[in-house]
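This is what each chain is made of:
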Amino acid sequence: MQLTTTATTLEAQGQLAVATKIVLAGKLFDPYTLELLDDQAITICNDSGMILDVAPFSRNGSDFASFDGEVIDLRHLTVLPGFVDAHVHLFLHPYAEASWEEQVTKESIVERTVRATVHAKRTLMAGFTTVRDLGTEGAGDADIALRKCLSSPGALIPGPRYFCATRAIAPTGAYGPKSPLYLNKEGIDGVTGVDVADGTQECIKAVRRQIGAGADWIKIYADYAVRSRASEVSRRVGAASMATFNHDELRAMIYTAHAYGVKVAAHATNRSTIIPLISLGVDSIEHAYDMTTPDKTAVEMLEEYVGVKTKYVPTLAIYYTMTQGKGEKWDRVVSSFKAALELDLDNISCGGDTGGFAHGANALELSLMVRLGADWKKVLRWATLGGWECVRPRTWEGEAGKTRLAQVGDLKEDPRIVGDNEVPFGAVRRGFIADLIATSGDFATDFESAVSAESIQFVMKGGRIYKRDGLPLV
């Protein structure tokens with residue numbers, strides 16, 4: 001290979017040649033600048049999996065003959081940070097195969113866990129090196145054990161970096177599964193889809209219970225179709241999403257979680273629910289598709305979202321799958337997302353509510369965003385750096401977080417010291433963990449093909465290669 005790098009890179013190679021590998025990227029996407037950089041050499045520490053250097057190389061100079069480590073030649077591909085799906089359910093599989101209620105009440109915890117391991121591998125092979133699982137949906141705390149199996153050192157199975165919420169929290173009567181015989185009883189055969197809590201004290205206890213179990217995140221159902229049983233006689237009432245918790249209950253849960261250093265995600269579709277959540281400092285809003293009223297447009301309604309830190313995770317993919325892109329609900333989803341684009345909101349993260357549709361097809365969310373008018377470069381940022389900004393722990397936020405981020409280049413965020421879920425990812429820069437993917441596609445000419453699982457030829461998580469030349473290595 002006729003290649004040269006900068007003097008700085010060669011000096012680093014001389015010092016660390018035995019302990020490093022180099023990835024040669026024909027093009028490299030930078031989510032900070034939204035640029036595609038030509039001919040970049042990425043130096044990675046073999047032991048920590050951290051990126052030590054990123055520098056341009058020349059194809060017309062000397063070779064890497066003096067370099068003792070592995071050179072991974074991806075000059076024919078476009079390299080970028082691994083994708084982040086900020087809303088998955090690894091313990092669910094497509095509703096086209098079995099309904100949510102059938103999965104929750106008829107599949108054993110063993111079956112659901114085995115399925116989750118299969119889903120984890122499919123997700124990683126599709127280029128998604130990190131996911132946030134927002135509830136096991138009746139599988140209890142099984143995600144905590146799964147996280148252990150996926151995490152280094154000693155990972156038992158291949159899969160993405162895994163942030164989990166154990167059991168979501170909802171009030172009495174709001175969620176399923178609902179017995180057709182015992183109408184006032186929560187769940188069926190002892191299985192409940194959520195942790196049920198009423199009143200501020202129970203809500204505080206539920207948050208503490210999830211955190212004590214090991215949750216990275218708290219998930220709250222802030223609105224839902226509470227009166228679903230009325231749909232037999234009043235379809236509109238039965239389908240209507242309405243607030244579940246009162247203001248004091250929401251405040252108690254959010255403040256308690258934050259006091260423990262844990263972020264909060266809220267399932268919220270209606271503006272009347274969302275605005276109070278934002279004022280309470282909730283960290284992400286899931287869905288947010290019903291942002292219009294008879295007298296105000298979605299743009300007017302979303303203006304209060306401008307400038308806030310709360311992440312917007314639109315979950316377009318699940319609604320597209322459920323509606324096939326047709327009907328009133330899909331029209332409302334589209335209207336809200338296009339309003340966000342019109343307002344140039346940038347506090348967006350990509351999460352498809354994956355599980356209701358196939359794991360491994362996670363990129364559908366990115367494709368739909370571009371179809372609906374989003375700039376593909378921004379979508380790539382929302383799916384990489386924006387994903388990390390969403391799912392990362394609260395220790396990365398505020399002034400302390402800014403100071404910490406400024407020191408990333410000092411290589412202090414070694415996963416062997418801080419742990420898998422504390423490391424910075426979502427960008428290819430010195431001090432970030434080497435979660436890298438590469439596609440054979442061209443984002444500018446055929447974005448959907450470029451992000452598809454079939455086009456992802458290379459996957460690296462934490463400096464370890466899991467897919468190469470389009471083939472799984474595990």
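Worth saying up front: this structure is predicted, and the values here are computed from it rather than measured.

What counts, and where the lines are drawn
Residues numbered from 1 in each chain as written. Predicted model: local features only at pLDDT ≥ 70, side-chain atom pairs only at ≥ 80, totals over all residues. Heavy atoms only, no water. Phe/Tyr/Trp six-rings, centres within 6.5 Å; stacked < 30°, edge-to-face > 60°. Helix = DSSP H or I, 4+ residues; strand = E, 2+ residues; numbered from the N terminus. Buried < 20%, exposed > 50% of the residue type's maximum accessible area, 1.4 Å probe, protein only. 1 Å grid on protein atoms, 1.4 Å probe; cavity = no way out; pocket = protein on both sides within 12 Å on 5 of 7 lines; lining within 4 Å. Points joined across faces, edges and corners; volume = space filled by probe spheres on them. Nonpolar A, V, L, I, M, F, W, Y, C, P; charged D, E, K, R; others polar. Pairing = 2+ DSSP bridges. Axes fitted to C-alpha atoms, helices over the stretch in contact; angles between N-to-C directions. Salt bridge = Lys/Arg side-chain N within 4 Å of Asp/Glu carboxyl O. Polar contact = N/O pair within 3.5 Å; in protein donor to acceptor, adjacent residues only side chain to side chain. Contact = heavy atoms within 4.5 Å. Parallel < 35°, antiparallel > 145°, perpendicular 65-115°, else oblique. Left-handed = near helix turned anticlockwise from the far one by under 90°.

**Comments concerning the packing of aromatic side chains**
Step number 1: Overall, the coordinates contain 13 aromatic pairs when judged by the stated rule.
Step number 2: Ring plane angle 80 degrees and centroid distance 5.5 Å describe the contact between W100 and Y175, whose orientation is recorded as edge-to-face. You can see W100 sitting in helix α2 (residues 100-106) and its partner Y175 sitting in the loop between β9 (169-170) and β10 (195-196), a full 75 residues away along the chain.
Step number 3: Using a relative accessible area of 8% as the deciding quantity, one classes Y175 as buried.
Step number 4: With a centroid separation of 4.6 Å and 35 degrees between ring planes, the pair formed by Y175 and Y221 is classed as tilted. Taken together, the positions of Y175 in the loop between β9 and β10 and Y221 in strand β11 (residues 217-221) put the pair 46 residues apart, joining distant regions of the chain.
Step number 5: Members of the aromatic cluster, each reached through a chain of ring pairs, are F163, W388, W396, F425 and F432.

**Brief notes about the layout of surface pockets**
Step number 1: Taken as a whole, the largest pocket holds about 1300 Å³ of empty space.
Step number 2: Lining the largest pocket are 39 residues; nearest its centre among them are Y224, A225, A239, Y289 and K329.
Step number 3: Among the secondary structure elements, those contributing two or more residues to the lining of the largest pocket are α2, β11, α6 (235-239), β14 (263-270), α8 (271-279), β15 (284-290), α10 (316-323) and α11 (328-342).
Step number 4: Looking at side-chain class alone, the lining of the largest pocket contains 16 nonpolar, 12 polar and 11 charged residues.
Step number 5: Put simply, the second largest pocket is a space of about 650 Å³.
Step number 6: Lining the second largest pocket we find 27 residues, and of these K309, K311, E389, R392 and E397 sit closest to its centre.
Step number 7: Mapped by element, the contributors of at least two residues to the lining of the second largest pocket are α13 (376-383), α14 (385-391) and α15 (398-406).
Step number 8: Looking at which element gives the most residues to the lining of the second largest pocket, the answer is α15, with five residues.
Step number 9: Its residues assigned to classes, the lining of the second largest pocket comprises eight nonpolar, seven polar and 12 charged.

**Details of the sheet that holds strand β8 (residues 161-164)**
Step number 1: The three strands lie next to each other as β6-β7-β8, forming an open sheet whose pairing is parallel. In this open sheet, the two strands that pair with only one neighbour each are β6 (83-88) and β8. On average, each strand axis in the sheet is inclined to that of its neighbour by 15 degrees, with strand direction left out of account.
Step number 2: Taken together, the four bridges between β6 and strand β7 (residues 128-133) define a ladder with parallel strand orientation. Among the inter-strand pairings, D85 is bridged to a residue of β7, identified as V131.

**Some thoughts on the pattern of salt bridges**
Step number 1: Applying the stated criterion across every chain, the model contains 24 salt bridges.
Step number 2: Of the charged contacts in the structure, one is a salt bridge between R167 and D141, with a shortest N-O distance of 3.1 Å. Residue R167 is located in the loop between β8 and β9, and its partner D141 is located in the loop between β7 and α4 (142-150); the two are separated by 26 residues in the primary sequence.
Step number 3: The exposure class assigned to R167 is partly exposed, which follows from its relative accessible area of 33%.
Step number 4: Salt-bridge contacts for R332 lead to E328; the nearest nitrogen and oxygen are separated by 3.2 Å. Here R332 and its partner E328 are both found in helix α11, four residues apart, which amounts to about one turn of the helix.
Step number 5: For R332, a relative accessible area of 21% translates into the label partly exposed.

**Quick word on unusual backbone geometry**
Working note: non-glycine residues mostly have negative phi, and peptide bonds are mostly trans.
Step number 1: Residue P177 is reached from G176 by a cis peptide bond, and omega for that bond is -5 degrees.
Step number 2: If you trace the backbone, P177 turns up in the loop between β9 and β10.
Step number 3: Backbone geometry places L34, a non-glycine residue, at a positive phi of 65 degrees.
Step number 4: Looking at the element boundaries, L34 is found in the loop between β2 (20-30) and β3 (35-45).
Step number 5: Within the chain, D353 stands out as a residue other than glycine whose phi angle is a positive 60 degrees.
Step number 6: Here D353 lies in the loop between α11 and α12 (364-371).
Step number 7: The exposure class assigned to D353 is buried, which follows from its relative accessible area of 13%.

**Quick notes on the side chain of H93**
Step number 1: With respect to the helices and strands, the residue H93 is situated in the loop between β6 and α2.
Step number 2: With relative accessibility at 2%, the residue H93 sits in the buried group.
Step number 3: A distance of 2.8 Å separates polar atoms of two side chains, one belonging to H93 and the other to E107.
Step number 4: Dropping the residues within four chain positions of it, H93 is found in contact with A98, Q103, E107, R115, H119 and G355.

**Some words on the packing of helix α3 (residues 109-125) against α4**
Step number 1: It is the contact of α3 with α4, at a shortest axis distance of 11 Å, that shows an interaxial angle of 40 degrees. For the element pair α3 / α4, the angle class is oblique. When the axes of α3 and α4 are compared, the crossing they make is right-handed. Contacts between α3 and α4 pair I109, T113, A116, T117 and A120 from the former with A142, L146 and L150 from the latter.
Step number 2: Here the contact of α3 with α4 is composed, by residue class, of six nonpolar, two polar and no charged.

**Quick word on the environment of I433**
Step number 1: Structurally, the position occupied by I433 is in the loop between α16 (415-418) and β17 (436-439).
Step number 2: Separated by 352 residues in sequence, I433 and P81 have C-alpha atoms that sit 9.6 Å apart.
Step number 3: Sequence-distant contacts of I433, defined by excluding residues within four places in its chain, comprise S48, G49, M50, I51, R161, P415, V423, P424, F425 and G462.

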